[in-house]
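For reference, the chains in residue letters:
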Amino acid sequence: CLLNACNGQIKSDLPKNNSSEINATGIPGVEPIVEDPYFVVSEDTISAFGPKSITRNILQDRNGNFWFATWQGIMSYDGKHFTNHTLKNGLRRFHTFSALEDSSGNLWFGSIGGGVYKYDGRTFTNYTTEDGLANNDVLCMAEDNQGNVWFGTDDGASSYNGKSFTTFTTLDGMGGHSVNSIIQDKNGILWFGTRYGVVSD
């Protein structure tokens, strides 16, 4: 097995998602989009006021803009205005939980139920389980020293090399399904904090 587990336990503070289907694709093998009961619709797409809901993560990008992973979706602040990109760009209405800027300047936003979004400064690209992501609940993210982006999900960890996803679950030695934190140490070893302990590669 690829991963080594250490005993311990951490508790997830995620609410249970009792989502219901709101539309069907009509395409065999493609799952219908489901409603996020925790998504909060903003009063304005562009506002002088910040998010008014749970905010799970904040980052400042290399251009000085602030980005917020909120229950209202993906929001940013340019020093003058707050913009709700989920509404402005017509993204799927899922609340966001995690945020990361990679070494190439791409921004990544993990949602609960809607997979992960990559923003290249111009457009948003959505990746889900249909693309190889382990689970559409993305709890944390990290970039390793090879440039791979790792996603801690509610069903293991996935890495993305710019072309495809590779996933590790309990079958590979992951100590728990939910991966809540990821870090790479100075020796290049990846560490994963799971619901049932700590795992390293």
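Residues numbered from 1 in each chain as written. Predicted model: local features only at pLDDT ≥ 70, side-chain atom pairs only at ≥ 80, totals over all residues. Heavy atoms only, no water.

1. Quick look at the sheet that holds strand β14 (residues 165-168)
Test applied: Note: two strands are recorded as paired if DSSP finds a minimum of 2 bridges between them. The helix count covers DSSP runs of H or I at least four residues long, the strand count covers runs of E at least two residues long, and both are numbered beginning at the N terminus. For helices, the fitted line uses only the C-alpha atoms of the stretch in contact; every axis is such a line through C-alpha atoms, and the angle between N-to-C directions lies from 0 to 180 degrees.
Within the open sheet, the 4 strands sit side by side as β11-β12-β13-β14. Their pairing is antiparallel. The open sheet has two edge strands, β11 (138-143) and β14, and neither has a second partner. Along the sheet, successive strands turn relative to each other by an average axial angle of 20 degrees, direction set aside. As paired strands, strand β12 (residues 149-153) and strand β13 (residues 156-160) are joined by 5 bridges and run antiparallel to one another. Opposite Gly152, over in β13, you have Ala157 as the bridge partner.

2. Observations concerning the environment of Tyr160
Note the following rule: Only protein chains enter the accessibility calculation, which uses a 1.4 Å probe; a residue whose area is less than 20% of its type maximum is buried, one above 50% is exposed, and one in between is partly exposed. Two residues qualify as a contact provided that any one of their heavy atoms is within 4.5 Å of a heavy atom in the partner residue. Pairs of N or O atoms within 3.5 Å make up the polar contacts considered here, provided that, within protein, one atom can donate a hydrogen while the other can accept it, and that residues adjacent in sequence are counted only when both atoms are side-chain atoms.
Residue position: Tyr160 is located in strand β13. Classification of Tyr160 as buried rests on a relative accessible area of 7%. Measuring from C-alpha to C-alpha, the distance between Tyr160 and Val149 comes to 5.2 Å, with 11 residues separating the pair along the chain. Once residues lying within four places of it in the same chain are set aside, the contact partners of Tyr160 are Trp108, Tyr127, Gly147, Asn148, Val149, Phe151 and Phe165. Within polar-contact distance, the side chain of Tyr160 engages the side chain of Tyr127 at 3.4 Å.

3. As for the confidence of the model for the protein chain
Filter applied, for reference: The pLDDT value expresses, per residue, how confident the predictor is, ranging between 0 and 100.
Averaged over all residues, the pLDDT of the protein chain is 86; the fraction at 70 or higher stands at 83%. Across residues 1-30, where pLDDT falls below 50, the model places 63 contacts with residues more than four positions away in sequence or in other chains.

4. Thoughts on the pattern of salt bridges
If the charged atoms of two oppositely charged side chains come close together, the side chains can form a pair. Note the cut-off: We define a salt bridge as a side-chain nitrogen of Lys or Arg found within 4 Å of a carboxyl oxygen belonging to Asp or Glu.
This structure, assessed with the given rule, holds 3 salt bridges. As a salt-bridge pair, Asp120 and Arg122 come within 3.4 Å of each other at their nearest N and O atoms. Arg122 gets classed as exposed once you look at its relative accessible area, which sits at 66%. Salt-bridge contacts for Arg195 lead to Asp154; the nearest nitrogen and oxygen are separated by 3.8 Å. With a gap of 41 residues between them, Arg195 in the loop between β16 (190-194) and β17 (197-200) and Asp154 in the loop between β12 and β13 connect regions that are remote in the sequence.

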